[in-house]
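Fold and contact review
Letter by letter, the chains look like this.
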Amino acid sequence: MENKIERKGQVIFSGYKYGEGIKKALKLSPQDILFELRESKLRGRGGAGFPTSTKWMLTAATLDPEKYLICNADEGEPGTFKDRVLLTEYFNLVFDGMVIGGYTIKAKYGILYLRGEYKYMVPDIEAHLEKMRKDNLLGKSILGKEDFNFDIEIRLGTGAYICGEETALIESLEGSRGEARNRPPFPVNRGYMGKPSSVNNVETFANIPFIVMKGGKWYSKLGTEKSTGTKLFSVSGDCEKPDVYELPWGTKVSELLELVGAKNTKAVQVGGASGQCIPKSQFDRMLAYEDLSTGGSIKIFNESRNMLHILKNFMEFFVEESCGQCVPCRVGNVKLLEGTEMLLKGEFTFEYINKLKELGRTMKIASKCGLGQSSPNPFLSILENFKDEVFNQGMEE
Amino acid sequence: MEDKNKNRVPLGQKPHIVEKPKDPSGIGGTITVEINEKKVTVPMGTTILEACRENQIHIPTLCYHDDLCFAGVCRLCVVEVEGMATLAAACAFPITAPIKIKTSSPKVRRARKHVIDLLLSEHYGECYSCIRNNNCELQSLAKEYGVTDYTFGHIEKKRYEIDDSSFSIIRDLDKCVLCKRCVRTCIDLQEVGVLEAIGRGHETHIGTFLDKPLADVICINCGQCINRCPTGALHEKEISNEIWEAIDDPTKHVVIQTAPSPRAAIGEEFGLEPGHSMTFKMNTALKRIGFDAVFDTNFTADLTIIEEGTELLMRLYKALVNKDESVKLPQFTSCSPGWVKYLEHFYPEYVEHLSSAKSPQQMFGALLKTYYAKKLKLDPSKIVSCAVMPCSAKKFECNRPEMNDSGYQDVDYGLTTRELAKMIKEAGIHLPEMPDSHFDNPFGDASGAGLIFGATGGVMEAAIRSVIEFITGDKAEEIFEGMNVMPVRGFDGIKYAEIKIDHVGPVPDLIKHLVPNWDWVKGATLKVAVAHGTANAKKVMDDIRAGGKFSQCHFIEFMACPGGCLGGGGQPIPTNEEIRKKRAQAIYAEDAGLELRKSHENPSIIQTYKEFLTDGPCGHIAHKLLHTHYTVRGKYIA
Ligand SMILES: Cc1cc2nc3c(=O)[nH]c(=O)nc-3n(C[C@H](O)[C@H](O)[C@H](O)COP(=O)(O)O)c2cc1C
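Residues numbered from 1 in each chain as written. Chains lettered and ligands numbered in written order. Predicted model: local features only at pLDDT ≥ 70, side-chain atom pairs only at ≥ 80, totals over all residues. Heavy atoms only, no water.

1. Thoughts on the nonpolar core
Our working definition: The term nonpolar core refers to a set of buried residues drawn from Ala, Val, Leu, Ile, Met, Phe, Trp, Tyr and Cys, joined through side-chain atoms within 4.5 Å. Working definition: with a 1.4 Å probe on protein chains only, accessible area under 20% of the residue-type maximum means buried, over 50% means exposed, and in between means partly exposed. Contacts between residues were defined by any pair of non-hydrogen atoms, one from each residue, lying within 4.5 Å.
Ile-70, Ile-162, Met-307, Leu-356, Phe-379, Leu-383 and Val-390 of chain A are the most contacted members of the largest nonpolar core, which totals 71 residues. Setting aside anything within four residues of it in sequence, one finds Ile-162 of chain A in contact with Ala-168, Gly-178, Glu-321, Cys-323, Cys-369 and Leu-371 of chain A. Of all hydrophobic cores here, the second largest spans 59 residues; its members include Val-459, Val-485, Trp-518 and Leu-526 of chain B.

2. A closer look at helix α19 (residues 603-611) of chain B
All names here are of chain B. Here is the rule we go by: Numbered from the N terminus, helices here are DSSP runs of H or I no shorter than four residues, and strands are runs of E no shorter than two. Think of it as the arc spanned by the lines of direction from the helix axis to the C-beta atoms.
Where α19 is concerned, the buried positions are Ser-604, Ile-605, Thr-608 and Tyr-609. The arc that holds the buried residues of α19, viewed along the axis, is 135°, so those residues lie on one side. Its buried side turned inward, α19 meets α9 (297-320) and α11 (360-376).

3. Remarks on the domain arrangement of chain A
Residue and element names in this part refer to chain A. The test is simple: In this document the domain limits rely on a domain assignment from an automatic tool or a database. Buried area: the accessible area, evaluated with a 1.4 Å probe, that two parts lose upon being put together, summed over both parts. What makes a salt bridge here is a side-chain nitrogen of Lys or Arg within 4 Å of a carboxyl oxygen of Asp or Glu, nothing more. Any pair of nitrogen or oxygen atoms within 3.5 Å is treated as a polar contact; in protein, a donor-acceptor pairing is required on top of that, and neighbouring residues in sequence qualify only through side-chain atoms on both sides. Gly counts as polar in this scheme, as do all residues outside two lists: the nonpolar Ala, Val, Leu, Ile, Met, Phe, Trp, Tyr, Cys and Pro, and the charged Asp, Glu, Lys and Arg.
Split into domains, chain A comes out as domain 1 (5-220), domain 2 (230-302) and domain 3 (307-386). Computed from C-alpha coordinates alone, the two centres of domain 1 and domain 3 are separated by 33 Å. Contacts between the two partners involve 13 residues from domain 1, matched on the other side by eight residues from domain 3. Ranking the residues of domain 1 by area buried against domain 3 places Tyr-161, Ile-162 and Ala-180 at the top, with a combined share of 50%. Viewed at the interface, domain 3 and domain 1 are joined by zero salt bridges. One can count four residue pairs in polar contact (both at pLDDT 80 or more) joining domain 1 with domain 3. Considered class by class, the residues forming the side of domain 1 that touches domain 3 number five nonpolar, three polar and five charged.

4. Concerning the layout of surface pockets
All names here are of chain B. Our working definition: A cavity here means a set of 1 Å grid points, computed over protein atoms only, where a 1.4 Å probe fits but cannot escape. A pocket is an open set with protein on both sides within 12 Å along at least 5 of 7 lines, and lining residues have an atom within 4 Å of a point. Grid points are joined across faces, edges and corners, and a volume is the space filled by probe spheres set on the points.
In this structure, the second largest pocket spans a volume of roughly 510 Å³. What lines the second largest pocket is a set of 23 residues, among which Arg-53, Thr-61, Glu-137, Arg-181 and Pro-574 lie closest to the centre. Class assignment of the residues belonging to the lining of the second largest pocket gives a composition of eight nonpolar, nine polar and six charged.

5. Things to note about the domain arrangement of chain B
All names here are of chain B. Considered domain by domain, chain B is made up of domain 1 (150-233), domain 2 (240-296 + 361-433) and domain 3 (300-357 + 445-633). Between domain 1 and domain 3, the C-alpha centre-to-centre distance is 34 Å. Here domain 1 and domain 3 share an interface that buries about 1,400 Å² over both sides, 54% of which is from carbon and sulfur atoms. On the domain 1 side of the interface with domain 3, the three residues burying the most area are Glu-191, Ile-220 and Asn-227, jointly 42% of the side's total. Connecting domain 1 to domain 3 are one salt bridge. Glu-191 serves as the salt-bridge partner of Lys-538, at 3.7 Å between the closest nitrogen and oxygen.

6. Considerations on the environment of Val-530 of chain B
Residues and elements named next belong to chain B. Turning to its location among the elements, Val-530 is positioned in strand β16 (residues 525-532). For Val-530, a relative accessible area of 1% puts it in the buried group. Considered as a pair, Val-530 and Lys-495 are 35 residues apart in the sequence and their alpha carbons are 5.0 Å apart. In this structure, Val-530 is in contact with Thr-456, Gly-457, Met-460, Val-488, Gly-493, Ile-494, Lys-495, Ile-556 and Glu-557, ignoring residues within four places of it in sequence.

7. Describing the pattern of salt bridges
Scanning the model with the defined rule gives 73 salt bridges over all chains in all. Among the salt bridges present, the one from Glu-397 of chain B reaches Lys-394 of chain B, with a minimum N-O distance of 3.0 Å. One end of the pair is Glu-397 of chain B and the other is Lys-394 of chain B, both in helix α12 (residues 393-398) and three residues apart, which spans about a single turn. As far as the burial class goes, Glu-397 of chain B and Lys-394 of chain B line up, both buried. In this structure, Lys-598 of chain B and Glu-601 of chain B form a salt bridge, with 3.4 Å as the shortest nitrogen-oxygen distance. A relative accessible area of 30% means that Glu-601 of chain B is categorised as partly exposed. Residues joined in a network through salt bridges with shared partners are Arg-45, Lys-82, Asp-83, Glu-203 and Lys-231 of chain A.

8. Quick look at the environment of Pro-230 of chain B
The residue Pro-230 of chain B is located in the loop between α5 (224-228) and β9 (234-236) in this model. With sequence-adjacent residues up to four places away left out, Pro-230 of chain B is seen in contact with Leu-62, Arg-132, Asn-135, Cys-136, Glu-137, Leu-138, Val-177, Cys-179 and Arg-181 of chain B.

9. Some details on empty space enclosed by the protein
Residue and element names in this part refer to chain B. Tallying each qualifying case throughout the model produces ten cavities of 30 Å³ or more. In this structure, the largest cavity encloses a volume near 270 Å³. Considering the residues around the largest cavity, the lining is formed by 25 residues, among which Cys-335, Met-389, Pro-390, Lys-394 and Cys-565 are closest to the centre. Elements with a contribution of two residues or more to the lining of the largest cavity: α7 (260-265), α9, α10 (337-346), α11 and α12. Of the residues assigned to the lining of the largest cavity, the class counts are 16 nonpolar, eight polar and one charged. Residues lining the lining of the largest cavity come from more than one domain, with at least three contributed by each of domain 2 (240-296 + 361-433) and domain 3 (300-357 + 445-633). Here the second largest cavity defines a volume of roughly 170 Å³. Lining the second largest cavity are 16 residues, and of these Glu-122, Arg-159, Leu-173, Cys-176 and Leu-178 sit closest to its centre.

10. What about the interface of chain B and chain A?
The interface of chain B with chain A comprises 40 residues on the first partner and 42 residues on the second. Carbon and sulfur atoms make up 59% of the surface buried where chain B meets chain A, a total of about 3,300 Å² over both sides. Area buried by chain B at its contact with chain A is led by Leu-118, Phe-152 and Arg-200 of chain B, which between them contribute 19% of it. At the boundary of chain B with chain A, the tally comes to two salt bridges. Of the charged contacts in the structure, one is a salt bridge between Lys-180 of chain B and Glu-179 of chain A, with a shortest N-O distance of 2.6 Å. At the boundary of chain B with chain A, the tally comes to 16 residue pairs in polar contact (both at pLDDT 80 or more). Among the secondary structure elements, those contributing two or more residues to the side of chain B that touches chain A are α2 (106-121) and β7 (196-198) of chain B. Residue contributions to the side of chain B that touches chain A peak at eight residues, all from α2 of chain B. Grouping the constituent residues of the side of chain B that touches chain A by class yields 22 nonpolar, ten polar and eight charged.

11. Things to note about the sheet that holds strand β11 (residues 293-296) of chain B
Residues and elements named next belong to chain B. Where we set the bar: In this analysis, strands are considered paired if DSSP registers two or more bridges between them. Lines fitted to the C-alpha atoms define the axes, with helices restricted to the stretch that makes contact. Angles between their N-to-C directions range from 0 to 180 degrees.
Pairing is parallel across the open sheet formed by four strands, whose spatial order is β11-β10-β13-β14. Strands at the two margins of the open sheet, each flanked by one partner only, are β11 and β14 (413-416). Going across the sheet, the axis of each strand differs from the next one's by a mean of 25°, ignoring polarity. Taken together, the four bridges between strand β10 (residues 253-258) and β11 define a ladder with parallel strand orientation. When the bridges of β11 are listed, Val-255 appears paired with Ala-293. Lying over the sheet, α9 contacts β10, β11 and β13 (383-389), oriented at roughly 40° with respect to β11. Across the sheet, α11 lies against β10, β11 and β13, angled at about 155° from β13, the strand it touches most.

12. What about the site of the ligand?
Residues and elements named next belong to chain A. Operational definition: Any residue with a non-hydrogen atom lying within 4 Å of a molecule or strand is treated as near it. Under the convention used here, a 1.4 Å probe and the Shrake-Rupley method define accessible areas, while residue burial counts only the protein chains that appear.
Taken together, 18 residues sit near the ligand, with Gly-46, Lys-55, Asn-72, Asn-201 and Thr-204 positioned nearest. Between the ligand and the protein, one listed contact pairs an oxygen atom with a backbone N or O atom of Gly-46 at 2.7 Å. In this structure, Asn-72 approaches the ligand through a side-chain N or O atom, which is 2.9 Å from an oxygen atom. Protein contact buries 90% of the 600 Å² of open area that the ligand shows by itself. Counting only elements with at least two residues in the shell around the ligand, the list comes to β5 (197-201) and α14 (370-374). Per element, the largest residue contribution to the shell around the ligand is three residues, and it comes from β5.

This is the structure in structure tokens:
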């Protein structure tokens, strides 16, 4: 598959020399790296935006000698393809970032959990890992540092969206059905094989070498106060240049739309299927954890699109991709899908739709994992933001 | 304590994820939290659910079960924890910080109501046409939360076919709420692992390997899943209609044998607290229902002790005296059909260790259509032989093709305690009000040894009471205080005991033709073990396979169900360790009050050998009728 990168920003695509970050990192102590990381205010790029320094600190602080560092390359969020770009052309960054992570949290094992559909990448990645081993950047006593052994293993997923959720990912790694676990305990305390594990997104790792090289302060100056650095956005839908863009956090939706050549835009879905759908009136909002948070997916819809068709599509996705273990998600999504179909036919009562909205709010707080907790987002946001359109269908036909 | 933390459960569901301190009174051992603005102090690692229960705060649950590891999937027990964006599942949330909890806030109540509404929307059928009507957790929850209509609709078409392939267990997935208690029971509590969730999203359902019918997979029919199913999705294959038909047919002579465990539990079906023994009231009820004769399975339990005990002595004799290396030791008990099938599937190379003695149910069946028929001049083809058992696997057992040594199917119908309770109710009888009546002759006597078969360790205790007297000539009550063999009692998953034989007596008449004297056991130590629940059986078997301590035992009692038969898959629902303990108490109390407490002293047994099994224990007649063989099954599924 061909990758296209439309806009190279100041971090990820700014150029990097293989192994540099590891060399620098090994001259520092793990504490130093954690300090820089905290200064950088880097937050996880997998969607939830958890501060990476905190996650690593918690994992590093556990006494268990056996720990795991897991790279989440499941990239299952519809409309996201930025990890694919990183893993095909920039694995330098990702794996250097993992080695630095292994050094920081004192893990011996790294696991790349690769989306099944990305199997074709395995030979290239293996070759790269082999090269790293030859160059003593991976394996035993890395760069001569006696007590630092770290290696990376590739494990393939089998195409379930839920397996991107970190605890379901861990279950899948252990050979069980991909189902989210109860929390607490969190993976940083009890993760893979019951051992402390840090699960991070591909892009999160890709940022690490730069933070080590240029310092946390430098990094924190990019983006906004609460969302530092740059972000890779996977832009798709009704626009001229649907590609991967590296932009600083804080970029306005309208700016992005201009950049990608989007015309007559009616709605933008920020954050994939489980994200929010915003109308024109909100296009001056910014892409940032504190406003419109996203793991990278931006879908653009122009005036020709029917919002209910879009919603139906999302809800069908969730009905199918729910792991099926908890009631709110397994059954709730079916009810929201049925509600969407009612709206499409124009056969609904407001009373029932309001009940469904209430159900959606319950799903957000009562579901077991992030899937069910966010799957009502498109339903709730489309019904809220596109009232005129969604409540007047079926009747026209 | 039965161990809740087994091996095969996915790590994410292990219950004691946060270990509780061994000594909560130590520093940092406890923590104070606020529940509904009330301060309570609990040991570190206590779950919110446990903390609430200890403080009389009711939290509704569905996927949680006292016997099982956590799932946290139904989301009914959700509570608000201050500072958390989402609700927490009380059952799976270990307390490790001084949190503030609200158990009944508007958000919480709304969420619970939503969960119930969602479940009901997919729950096919109506309560009044369900086997679990009035004993269904979903139904109770609907009542508790004031459900009066179907907020999100109600499913009108069945989505799944009923799986009635098994002799024992029926699966009706349209009633399933996917709480996965059955899955956890099967894989974690029992370590059988036949059931698992299959499919994703809305298509998720509980299935077997490749969704095969239950009869074609390695299900051992223990029915523990039934006991823990909150709804009617799992139940025994009911045969009461067939029995009613037989009773109503004047040409049929319908008899029933009753095992010890149903009596200790059936009161629960009539609103009594667990732990009431209903033996003689049940006899009256059975007569009033219309059974022509009511027999006590304890009689054939006594017979089992004689046959199985003799077999053990013979094996020991052959091994120790004849130095016959083909003799298989330890000998395993064979009265639990769930255990037998478990062994046939999981440790097929050990089937020859099973005692060839049939279970008490099957011995009775064989005698009824031969000895009894002859004695009463009945046409055996007109005898309908029923058995009320605490067990779902007994239904499978009586249908095993080899169980027809009488020339007919030895036992026609195995009936669970629950089914019998229904028959009694249908006959308009309120069991607790019944007067007492006795068992029928010619098998009117049964010993306490047969009775305690119902509890884990009971078979072993009964065997010890007889075998020790056979060998030493001493009275069992002189060796064990109150005749209670304490080391094999109790609910520890695995029990082990050694009995030193320092002197021997004369060989009793009954088996004189088999062993000349006891000199060869003098000074020996009899080593025995007891395991209940197949997860514990697995531990023992793995140890034997590895040549460990249990491989040195002479005799091991295995029961498929936790607690033994009293915790069987045919017993009243609900079940938990407390209930099982009360049933055990009822059984042991009844034994303690009996005159006759040793199998070999049972006059009916002595008479049966005299009149019918004339060539004695393990003789030709006994072998033909009372002994059986097993099937090497393995785990391969065609
Ligand atoms: C349904 C679901 C799917 C997810 N899929 C992914 C994914 O494909 N890739 C990913 O990195 N994180 C995914 N996540 C987020 C992970 O659970 C986790 O937060 C993330 O891997 C942590 O990495 P980070 O801290 O670097 O963001 C998903 C979460 C949910 C609830």
